[in-house]
Amino acid sequence: LNPLDLKSITSSVKKTGKVVVVEEDWKTGGVGAEIVSLISENCFDYLDAPVKRVAGRDVPMPYAKNLEKLAIPQLEDIKAAIKEVLS
């Protein structure tokens, strides 16, 4: 997470009022959780909606390609999160 351009993130939140954080890592204890925490601490007053997180499932990463696809976020998951934040 270092270096993290918090100034750019803050500027974007001020401009849009909405945030979707996407990562392939597990949702629990992932990098996205830290980013959401920083956004909440520094940009809370500028948020028009709760921050939406799209992350991998909290399961051991499977080796089989078809199971891996089920464990990590897919384009449809990201689109659904964006639609939810925008509505």
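Residues numbered from 1 in each chain as written. Predicted model: local features only at pLDDT ≥ 70, side-chain atom pairs only at ≥ 80, totals over all residues. Heavy atoms only, no water.

(A) How the structure looks around the overall build of the protein. Helix and strand content of the protein: four helices and two strands. For the protein, the N- to C-terminal ordering of α and β elements is α-β-α-β-α-α. Expressed as a percentage of the 87 residues in the protein, the buried residues total 29%. Considering only intrachain contacts with a sequence separation of at least 6, the fraction spanning at least 24 residues in the protein is 66%. Summed over its atoms, the accessible surface of the protein is roughly 6200 Å², and 56% of this surface lies on carbon and sulfur atoms. Side-chain charges in the protein split into 12 positive and 13 negative, and the spacing between the mean points of these groups amounts to 6 Å. (Helix = DSSP H or I, 4+ residues; strand = E, 2+ residues; numbered from the N terminus. Buried < 20%, exposed > 50% of the residue type's maximum accessible area, 1.4 Å probe, protein only. Contact = heavy atoms within 4.5 Å. Areas by Shrake-Rupley, 256 points an atom, 1.4 Å probe, with all protein chains shown as cover. Lys, Arg positive; Asp, Glu negative; His and termini not counted. Charge placed at Lys NZ, Arg CZ, Asp CG, Glu CD.)

(B) Up close: the pairing of strand S2 (residues 52-56). In this structure, strand S1 (residues 20-26) lies alongside S2, joined through four bridges in parallel fashion. From the neighbouring strand, Val-22 faces S2, where its bridge partner is Val-54. Crossover connection from S1 via helix H2 (residues 31-43) to parallel S2: handedness right-handed. (Pairing = 2+ DSSP bridges. Right-handed = clockwise from strand over helix to strand, strands pointing away.)

(C) Up close: the nonpolar core. Val-13, Val-19, Val-21, Ile-35, Val-36, Ile-39, Cys-43, Leu-47 and Val-51 together form the largest nonpolar core, which totals nine residues. At four residues, H2 tops the list of elements feeding residues into this core. Residues contacting Val-19, with those up to four places away along its chain left out, are Val-13, Ile-39, Leu-47, Pro-50, Val-51, Lys-52 and Val-85. (Core = buried A, V, L, I, M, F, W, Y, C linked by side-chain atoms within 4.5 Å.)

(D) A look at the side chain of Glu-23. With respect to the helices, strands and loops of the structure, Glu-23 is situated in strand S1. The side chain of Glu-23 sits in the buried core without any salt bridge; Arg-53 is the nearest counter-charge, 4.1 Å away. Here Gly-32 takes part through its backbone nitrogen, which lies 3.0 Å from a polar atom of the side chain of Glu-23. If sequence neighbours within four positions are ignored, Glu-23 has contacts with Gly-30, Val-31, Gly-32, Ala-33, Arg-53, Val-54, Ala-55, Gly-56 and Pro-73. (Salt bridge = Lys/Arg side-chain N within 4 Å of Asp/Glu carboxyl O. Polar contact = N/O pair within 3.5 Å; in protein donor to acceptor, adjacent residues only side chain to side chain.)

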